[in-house]
Amino acid sequence: MKSILIKDTTREEREQIIRQSLDCGGCDFCSSCWLGGGSPYDMYQDYIDGKKEIAQINAEYRARYVRG
């Protein structure tokens, strides 16, 4: 499997990674929209733009719902 890190991908590859990963062609009940994530594509725009890794975006999203 090829690396999905920003340093190892082009913008076009990152767009494809998100599109294939989410495959949001309707509602697959991923919870992004109704849990406040908004559009799943908007949620990962910083990854596509090369600003944040997927892991960082996911951690920030989860942190909003973890109490402690």
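Structure: see above.
Residues numbered from 1 in each chain as written. Predicted model: local features only at pLDDT ≥ 70, side-chain atom pairs only at ≥ 80, totals over all residues. Heavy atoms only, no water.

Q: Help me understand the pattern of salt bridges, please; the structure alone is not making it clear to me.
A: Opposite charge on two side chains allows them to pair when their charged atoms are near. Scanning the entire structure with this criterion turns up 6 salt bridges. Between Lys 2 and Glu 13 there is a salt bridge whose closest N-O contact spans 2.8 Å. Pair noted here: Lys 2 is in the segment before helix H1 (11–22) and Glu 13 is in helix H1, with a separation of 11 residues, a long-range link. Each of Arg 11, Glu 15 and Asp 49 takes part in a single network of salt bridges with overlapping partners. (Salt bridge = Lys/Arg side-chain N within 4 Å of Asp/Glu carboxyl O. Helix = DSSP H or I, 4+ residues; strand = E, 2+ residues; numbered from the N terminus.)

Q: Explanation requested: the side chain of Arg 14 in the structure shown.
A: On the secondary structure map, Arg 14 appears in helix H1. Among the polar contacts made by the side chain of Arg 14, one reaches the main-chain carbonyl oxygen of Thr 9 at a distance of 2.9 Å. The residues contacting Arg 14, other than those within four sequence positions of it, are Ile 6, Thr 9, Tyr 47, Ile 48, Asp 49 and Gly 50. (Polar contact = N/O pair within 3.5 Å; in protein donor to acceptor, adjacent residues only side chain to side chain. Contact = heavy atoms within 4.5 Å.)

Q: What exactly am I supposed to notice about the nonpolar core here?
A: Soluble globular proteins tend to bury their nonpolar side chains together. The biggest cluster of nonpolar side chains holds 10 residues, and these are Ile 6, Ile 17, Ile 18, Met 43, Tyr 44, Tyr 47, Ile 48, Ile 54, Ile 57 and Tyr 61. Listing elements by their share of this core, those giving two or more residues are H1, helix H4 (45–48) and helix H5 (54–63). The element that contributes the greatest number of residues to this core is H5, accounting for 3 residues. The residues contacting Ile 57, other than those within four sequence positions of it, are Met 43, Tyr 44, Asp 46, Tyr 47 and Lys 52. (Core = buried A, V, L, I, M, F, W, Y, C linked by side-chain atoms within 4.5 Å. Buried < 20%, exposed > 50% of the residue type's maximum accessible area, 1.4 Å probe, protein only.)

Q: What should I look at first to understand the side chain of Thr 9 in this one?
A: Its place among the elements puts Thr 9 in the segment before H1. Here Thr 9 falls in the buried class, since its relative accessible area comes to 11%. At 3.1 Å, the side chain of Thr 9 forms a polar contact with the backbone oxygen of Leu 5. For Thr 9, the contacting residues outside a window of four places in its chain are Ser 3, Ile 4, Arg 14, Ile 17 and Tyr 47.

Q: Can you help me understand H5 in this one?
A: Owing to its 3.6 residues per turn, the α-helix brings residues three or four apart onto one side. For H5, every residue scored as buried is listed here: Ile 54, Ile 57 and Tyr 61. All buried residues of H5 project into a common sector of 65 degrees when viewed along the axis, lining one side. (Arc of directions from axis to C-beta.)

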